[in-house]
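Examining the three-dimensional arrangement
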Amino acid sequence: MAAEPPSGDLGQRLRHGARTHRETISIVVLGVGFFLTLLAIGAFTPLKTAGPFPAIDSVTSQPSVNYNLVFVVLGPIVAIVGAYLFGSYALARRRFEHLMLTKSKAEFLRNIPELEDLLWDLTPDDEIRYEDRRAELHLRR
């Protein structure tokens, strides 16, 4: 059962979409960062004469504006942000899965604060799984 998007304003729908597709967004941001970094490396190293870099450099390095300089600054920053987003999501996912598979009701009760904290980094479907698990263990809110 998937979480239904809110019927509110555009901001609520965008936040819901960003939470629902958090893993995909983090992978795309990481990929864009790596791509921009690769373009910067291809523009300012001896690689600029090999492969597709001369054609790319002719487009990105204009006489009035050199976009390759933007790639040097922006590429690593975007890659670091993407790596952080993906890493935090992957770690939260792994810890959440471990805590959800516990058989002991007492251990689950001890870990409820950590589970609820992890839900901030996960998707709405995980919130539904958490609520179903609480109902399965007959725990009240």
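As a convention, each chain's residues are numbered from 1 in the sequence order in which they are written. Where local features are concerned, this predicted model is filtered to residues with pLDDT of at least 70; where side-chain atom pairs are given and counted, the filter is 80 or more; whole-chain, interface and lining totals use all residues. The side-chain numbers reported here are obtained from all heavy atoms of the structure, hydrogens and water having been left aside.

1. As for the overall build of the protein chain
For clarity, the threshold we go by: By definition, any uninterrupted DSSP run of H or I lasting at least four residues is a helix, any uninterrupted run of E lasting at least two residues is a strand, and each is numbered from the N terminus. Within these notes, the globule rule equals 2.2 Å times the number of residues to the 0.38 power, and the radius of gyration is based on C-alpha atoms. We call two residues contacting when some pair of their heavy atoms lies within 4.5 Å. Accessible surface area values rest on a Shrake-Rupley calculation with a 1.4 Å probe, where residue burial reflects the displayed protein chains alone.
Scanning the protein chain for helices and strands turns up seven helices and zero strands. Here the C-alpha atoms of the protein chain give a radius of gyration of 22 Å, more than 25% beyond the 14 Å that 2.2 N^0.38 yields for 141 residues. Dimensions of the protein chain, computed from C-alpha atoms along their principal axes, come out at roughly 70 × 35 × 20 Å. At a minimum sequence separation of 6, the contacts of the protein chain that also span at least 24 residues come to 62%. Carbon and sulfur atoms make up 66% of the accessible area of the protein chain, which totals about 9,400 Å².

2. What about the packing of aromatic side chains?
What describes a pair of aromatic rings is the distance from one ring centre to the other and the angle between the planes of the rings. Stated precisely, the cut-off is as follows: Only Phe, Tyr and Trp rings are paired, with Trp represented by its six-membered ring, and only when their centres lie within 6.5 Å; those with planes under 30 degrees apart are stacked, over 60 edge-to-face, the remainder tilted. For a ring to carry a charge above it, either NZ of a lysine or CZ of an arginine must fall within 6 Å of the ring centroid while also lying within 35 degrees of the normal to the ring plane.
Evaluation of the coordinates by the stated rule reveals one aromatic pair. For Arg133, the ring lying beneath its charged end belongs to Phe108, and the centroid distance is 5.6 Å.

3. Some thoughts on the pattern of salt bridges
Definition in use: Criterion for a salt bridge: a side-chain nitrogen of Lys or Arg within 4 Å of a carboxyl oxygen of Asp or Glu.
Summed over the entire model, instances satisfying the criterion amount to eight salt bridges. Between Glu97 and Arg93 there is a salt bridge, with the nearest N and O atoms lying 3.1 Å from each other. Of this pair, Glu97 and Arg93 are both found in helix α4 (residues 67-100), four residues apart, which corresponds to roughly one turn of the helix. Glu116 is the partner of Arg134 in a salt bridge, and the nearest nitrogen-oxygen pair spans 3.8 Å. Taken together, the residues Arg134 in helix α7 (residues 124-136) and Glu116 in helix α6 (residues 112-118) connect sequence positions 18 residues apart.

4. Things to note about the side chain of Thr60
In this structure, Thr60 sits in helix α3 (residues 53-60). Apart from the residues lying within four places of it in its own chain, the contact partners of Thr60 are Val65, Asn66, Tyr67, Asn68 and Phe71.

5. Notes on the nonpolar core
Let me state the cut-off plainly: What makes a nonpolar core is a set of buried Ala, Val, Leu, Ile, Met, Phe, Trp, Tyr and Cys residues whose side-chain atoms join them at distances within 4.5 Å. Three exposure classes are used, based on accessible area relative to the maximum for each residue type with a 1.4 Å probe and protein chains only: buried under 20%, partly exposed in between, and exposed over 50%.
Grouped together as the largest cluster of nonpolar side chains are 14 residues, with contacts concentrated most on Phe96, Phe108, Leu115 and Tyr130. Breaking this core down by element, the ones donating at least two residues are α4 and α6. Looking at which element gives the most residues to this core, the answer is α4, with five residues. Ignoring sequence-local partners within four residues, the contact set of Phe96 consists of Leu115, Leu118, Leu119, Leu122, Asp126, Arg129 and Tyr130.

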